[in-house]
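Residue-level structure breakdown
Chain residues, written in single-letter form:
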Amino acid sequence: MTNSKELFLTTIQESFEQLFTIIESVSTRKRKLTVDVEARDKNFRDVLMHLYEWHAMLERWYNEGMNGDTPTMPAPGYQWRTLDKLNNQIWANYQDESLTNAIKKVKLSHQRVIQLIESHTYDEIITKKQYKWTKTSNLYSYFAANTVDHYKWAIKKCTVIAKKIHELDV
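Each value, and the rule that gives it
Residues numbered from 1 in each chain as written. Predicted model: local features only at pLDDT ≥ 70, side-chain atom pairs only at ≥ 80, totals over all residues. Heavy atoms only, no water. Salt bridge = Lys/Arg side-chain N within 4 Å of Asp/Glu carboxyl O. Helix = DSSP H or I, 4+ residues; strand = E, 2+ residues; numbered from the N terminus. Core = buried A, V, L, I, M, F, W, Y, C linked by side-chain atoms within 4.5 Å. Buried < 20%, exposed > 50% of the residue type's maximum accessible area, 1.4 Å probe, protein only. Expected span 1.5 Å × (residues − 1). Arc of directions from axis to C-beta.

Summed over the entire model, instances satisfying the criterion amount to six salt bridges. Between Arg 60 and Glu 64 there is a salt bridge, with the nearest N and O atoms lying 3.4 Å from each other. In this pair, Arg 60 and Glu 64 both sit in helix H2 (residues 44–66), four residues apart, roughly one turn of the helix.

Written out as structure tokens, the structure reads:
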């Protein structure tokens, strides 16, 4: 865990900005291209909608948990051991989404998650068992997994996608 909430927020924001720097390194007319890469997400839209959906799940867990309910994690009908199925369903759900809308959605959901983090003290974020819904964990583990840790994955994925696009002769 970082040594302060401010450092945590800065790290999250820097990672998010780095992701968009990679996407913006590709010319506007080529950003929508789908390339042949390993695994599920083959374009920027796929990656961004994946992040958006995980932000939305975090928001749902948080809201349900803070209201005294026990959130269904990761999502209704899925368990942690079936994440591949869930992620494939997320991918399928957004195939008709435009890159422009994906960018708008993920920027807004990112900002909402930042606001959740900002609404807590450092101690509330790092203290294990602080909230019943986080069980033996802390808010930090949920916030980090759905922001900076996920952004690192997205940065790697988008770097590969951008490289493949730059190599194309279109």
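If you look at the biggest cluster of nonpolar residues, it comprises 50 residues, and the most contacted ones within it are Leu 19, Phe 44, Leu 48, Trp 61, Ile 117, Trp 133 and Phe 143. Among the elements of the structure, helix H1 (5–24), H2, helix H3 (83–93), helix H4 (99–118), helix H6 (139–145) and helix H7 (148–167) are those that each provide at least two residues to this core. A total of 11 residues in this core trace back to one element, the largest contributor, which is H2.

The next point concerns the environment of Thr 10. As for its placement among the helices and strands, Thr 10 is situated in helix H1. Residue class for Thr 10 comes out partly exposed when judged on its relative accessible area of 37%.

Here we come to H4. Taking 1.5 Å of rise per residue, the 20 residues of H4 would be expected to cover 28 Å, and the 28 Å separating its terminal C-alpha atoms lies within 8% of that figure. Considered for burial, the residues of H4 that qualify are Leu 99, Ala 102, Val 106, Ser 109, His 110, Val 113, Ile 114, Leu 116 and Ile 117. One face of H4 carries all of its buried residues, which in axial projection span an arc of 150°. When the buried face of H4 is taken as reference, the exposed residues oriented beyond 90 degrees from it are Lys 104 and Leu 108.

A separate point is unusual backbone geometry. Working note: non-glycine residues mostly have negative phi, and peptide bonds are mostly trans. A cis amide bond, omega 0°, links Met 73 with the succeeding residue Pro 74. Here Pro 74 shows up in the loop between H2 and H3. Despite not being glycine, Ala 39 shows a phi value in the positive range, around 75°. With a relative accessible area of 59%, Ala 39 lands in the exposed category. One non-glycine residue, Lys 129, lies in positive phi territory at about 65°. Looking at Lys 129, the relative accessible area reads 59%, which means it is exposed.

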